[in-house]
Amino acid sequence: MSSLLSARPALAPAALFLIVPACLTADPEQSPASAEPTATVPTTTSGVSVPFRFIRNQIVLEVTVGGRPPLNMLLDTAVNPSAIDLATAEELGLPVDREQSGEASGTGSERRTIYAARITDLEIGGEPFGTVEAVAGNLAPLGERLGAPLHGILGYSFLRDRAVRIDYPGRRVHIYDGAAPASTVEGRFEIPLELDGTDVIVDPVHVDERPLRVTLDTGSSLTLEVYGHAAERIGIGHLRTNADSGEVMGARGTAAILTASVGSIRVGGFEADEAEVVFPERDGDTDGNLGNGFLKSFVLTVDYVSGRLTIEPGAGPDP
């Protein structure tokens, strides 16, 4: 799922900016592959460690809001602010300011309105996380493509003062209230955390040993999107001629994509051979978007507090 929804409600003093991962494909090979939830365990520093379900390459956390029944929320480093489904917000009585609205932009051609909102009394794994700034909109179409109800998305407005460690093979997310413990794992890839606005940057990602500067997107089910200008620059634009056509769902409906194979995608010492790249209709400020299709074999730590990005080898599922 690629980050394909942006939204700018007219808010003062500065407009909110939302990028919602909205590229859930209907490919049957991406059928739900979820792990049964296991017990919540405290982290060694302040924070919480909880299991997640990995549905169609999406990180689905179970959260509660105001002590009400559990909700499904995605965890997405490429979203700012967070988002709440409008019907869910109204059912829970969350603050939604209909005087401050905007129109979602991004993939698709339908018009979608969003509103300034707040997610109050958020709890994850029984730990309180207070109030999270958000926008409210209709997330039901994304939930339908996901195959599970989607109530919200936790993004930069939630993560900015924290660190998050995503153990993809172990199906567990560690959320720290401060910096994460420094990794000592041999063979790790570690770089200073670079933000372009609120987007996390990975630089470089090598496609057939040619470097790209891309956005890290834990809300993307794809392996790697490569934007048109970058595809031409690194010499893979010709692959679009014989690429397979497909469809993704974005903030404003569906859009066409082209999918092709490259020899390799490499991040540091971690490499995927005969890997899939997607050429979207849209373009972006970076060269592309690195998603869960690549990250799912590893352990990823995004530490906004200490300013560190780390990818480690995956150790396999929890016992």
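The coordinates are above.
In this text, all values refer to a predicted model and were calculated from it rather than measured experimentally.

### Description of the overall build of the protein chain
Logical step 1: The helix and strand tally for the protein chain stands at 5 helices and 25 strands.
Logical step 2: Within the protein chain, the fraction of its 319 residues that count as buried is 57%.
Logical step 3: Considering only residue pairs separated by 6 or more positions, the protein chain has 66% of its internal contacts joining residues 24 or more positions apart.

### A closer look at unusual backbone geometry
Logical step 1: A cis geometry characterises the amide bond from N80 onward to P81, with omega recorded as -5 degrees.
Logical step 2: Relative to the elements of secondary structure, P81 occurs in the loop between β7 (71-75) and β8 (82-85).
Logical step 3: Of note, the bond from D203 into P204 is cis; its omega dihedral lies within 30 degrees of zero at 5 degrees.
Logical step 4: Inspection of the secondary structure puts P204 in strand β17 (residues 199-207).
Logical step 5: With a phi close to 50 degrees, D208 is a non-glycine residue in the positive phi region.
Logical step 6: When you line up the elements, D208 lands in the loop between β17 and β18 (210-216).

### Some remarks on the packing of aromatic side chains
How two aromatic rings sit relative to each other is given by the distance of their centres and the angle of their planes.
Logical step 1: Enumeration over the complete set of coordinates arrives at 7 aromatic pairs.
Logical step 2: For the ring pair Y156 and Y304, a centre distance of 5.7 Å and an interplane angle of 65 degrees mean the geometry is edge-to-face. Of the two residues, Y156 sits in helix α3 (residues 156-159) while Y304 sits in the loop between β24 (298-303) and β25 (308-313), which places them 148 residues apart along the sequence. Neither Y156 nor Y304 differs from the other in exposure class; each is buried.

### Looking at the pairing of β8
Logical step 1: Along β8, one buried face is formed by S82 and I84 and the opposite face, lined by A83 and D85, is buried too.
Logical step 2: Strand direction decides the pairing type here: β8 and strand β12 (residues 152-154), joined by 2 bridges, are antiparallel. Counterpart to I84 in the pairing with β12 is G152.

The rules we used
- Residues numbered from 1 in each chain as written.
- Predicted model: local features only at pLDDT ≥ 70, side-chain atom pairs only at ≥ 80, totals over all residues.
- Heavy atoms only, no water.
- Helix = DSSP H or I, 4+ residues; strand = E, 2+ residues; numbered from the N terminus.
- Buried < 20%, exposed > 50% of the residue type's maximum accessible area, 1.4 Å probe, protein only.
- Contact = heavy atoms within 4.5 Å.
- Phe/Tyr/Trp six-rings, centres within 6.5 Å; stacked < 30°, edge-to-face > 60°.
- Pairing = 2+ DSSP bridges.

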